[in-house]
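# Results of the structural survey
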Amino acid sequence: MHDTIAVIDFGGQYAHLIATKLRRLGVHSVIKDPDDPVSAYDGLRGIILSGSPALASQGEEQDYEKGIYDLEIPILGFCFGHQEIVQHYGGKVEHRAKEYGPADWHLAQNDSPITKGLDPVEPVFMSHGDSVVSVPDGFVELGYSRLGDGPKHAFTAVADDQRKRYGFQFHPEVDDTVHGEQMLANFCFEVCQCEPT
């Protein structure tokens, strides 16, 4: 029996790439539809929420099975998924100026298992128009980003280590995020305690 991580496909272009990257790490992965029932996640070790062209700030693509948040397994969100996690637990997302392209992600703290082994500044890839502007109780800011000489972008990575809920505004699954594989490995092995098989 393989330890398995589910990737929920919200219609972004990277869901299959996320699953492929997990498999390269030796972790079995399956792609789920947003409206799959909670029972579809029985026995799984974790869930990743993919990106989406939808705007979380406008309530788009929000008709999905939110019972996943009641499961006692880790959840990690990328881009839209990051914003959805924050909104679900009471944080705030607003439509802001679009960020697209390489950015520098500055770690504000490095004591979460999701950031193990990462450098103080990491090259990452951004592609979004919505931004997290406040985080819920229990969540901390793991880092902020800058796109070129642009302004500081807060809350580009957040964590609630107690509930094991995590969000990255950027895309660790693409090669432009230089240590994205390490980030995925941290979720699989440090957070979800998967065995690579």
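Residues numbered from 1 in each chain as written. Predicted model: local features only at pLDDT ≥ 70, side-chain atom pairs only at ≥ 80, totals over all residues. Heavy atoms only, no water.

Buried residues of helix H1 (residues 15–24): Ala15, Ile18, Ala19, Lys21 and Leu22, and no others. Down the axis of H1, the buried set is contained in an arc of 160°. They therefore lie on one face. Of the exposed residues in H1, those oriented more than 90 degrees away from the buried face are His16 and Arg24. In this structure, the buried residues of H1 make contact with strand E1 (4–8), strand E2 (28–32), strand E3 (46–49), strand E4 (75–78) and helix H3 (180–191). Positioned one or two residues after H1, glycine 26 has a phi angle of 90°, which is positive. (Buried < 20%, exposed > 50% of the residue type's maximum accessible area, 1.4 Å probe, protein only. Helix = DSSP H or I, 4+ residues; strand = E, 2+ residues; numbered from the N terminus. Arc of directions from axis to C-beta. Contact = heavy atoms within 4.5 Å.)

Scanning the model with the defined rule gives 9 aromatic pairs in all. For the ring pair phenylalanine 10 and phenylalanine 80, a centre distance of 5.2 Å and an interplane angle of 65° mean the geometry is edge-to-face. Residue phenylalanine 10 is found in the loop between E1 and H1, and its partner phenylalanine 80 is found in helix H2 (residues 80–88); the two are separated by 70 residues along the sequence. According to the relative accessible area criterion, phenylalanine 10 is buried, its value standing at 3%. Relative accessible area serves as the criterion here: at 1%, phenylalanine 80 is assigned to the buried category. Over the aromatic face of tyrosine 64 sits the side chain of lysine 66, whose NZ or CZ is 4.2 Å from the ring centroid. Seen from the ring of tyrosine 144, lysine 152 lies directly overhead, with NZ or CZ sitting 4.4 Å from the centre. (Phe/Tyr/Trp six-rings, centres within 6.5 Å; stacked < 30°, edge-to-face > 60°. Lys NZ or Arg CZ within 6 Å of the ring centre and 35° of its normal.)

Where strand E7 (residues 140–146) and strand E8 (residues 153–160) come together, 4 bridges link them in antiparallel fashion. Across the sheet, the residue bridging to serine 145 is histidine 153, located in E8. Here E7 hands over to E8 after 6 residues, with glycine 148 in that stretch at a positive phi of 65°. (Pairing = 2+ DSSP bridges.)

Along the chain, glycine 46 turns up in strand E3. Assessed through its relative accessible area of 0%, glycine 46 is described here as buried. Non-local contacts of glycine 46, meaning those with residues more than four positions away in its chain, are made with Thr4, Ile5, Ala6, Ile73, Pro74, Phe187 and Cys192.

This paragraph deals with H2. For H2, the tally of buried residues reaches 7 of 9 residues, placing the bulk of the element in the interior. Looking at H2, one finds that the buried residues are Phe80, Gly81, His82, Gln83, Glu84, Ile85 and Val86. Looking one or two places after H2, you find glycine 90, whose phi comes out positive at around 110°.

Mapped onto the elements, threonine 115 comes out in the loop between strand E5 (92–107) and strand E6 (121–134). With a relative accessible area of 0%, threonine 115 lands in the buried category. Along the primary structure threonine 115 and methionine 183 are separated by 68 residues, whereas in three dimensions their C-alpha atoms are 6.6 Å apart. When residues no more than four places from it in sequence are discounted, the contact partners of threonine 115 are Trp105, Leu107, Gln109, Asn110, Leu142 and Asn186.

This paragraph deals with the pattern of salt bridges. Scanning the model with the defined rule gives 5 salt bridges in all. A salt bridge links aspartate 3 to arginine 45; the shortest N-O distance between them is 3.5 Å. Of the two residues, aspartate 3 is situated in the segment before E1 and arginine 45 in the loop between E2 and E3; the sequence distance between them amounts to 42 residues. (Salt bridge = Lys/Arg side-chain N within 4 Å of Asp/Glu carboxyl O.)

Attention now goes to the side chain of lysine 21. Relative to the helices and strands, lysine 21 resides in helix H1. Setting aside residues no more than four positions away along its own chain, lysine 21 makes contact with Glu173, Val174, Asp175 and Leu184.

Moving on, we come to the state of the cysteines. Within this structure, the stated rule accounts for 0 disulfides. Cysteine 192 takes part in no disulfide bond, and the closest cysteine sulfur, belonging to cysteine 194, lies 5.1 Å away. Residue cysteine 192 is classed as buried on the basis of its relative accessible area of 3%. For cysteine 194, a relative accessible area of 4% corresponds to the buried category. (Disulfide = S-S within 2.5 Å.)

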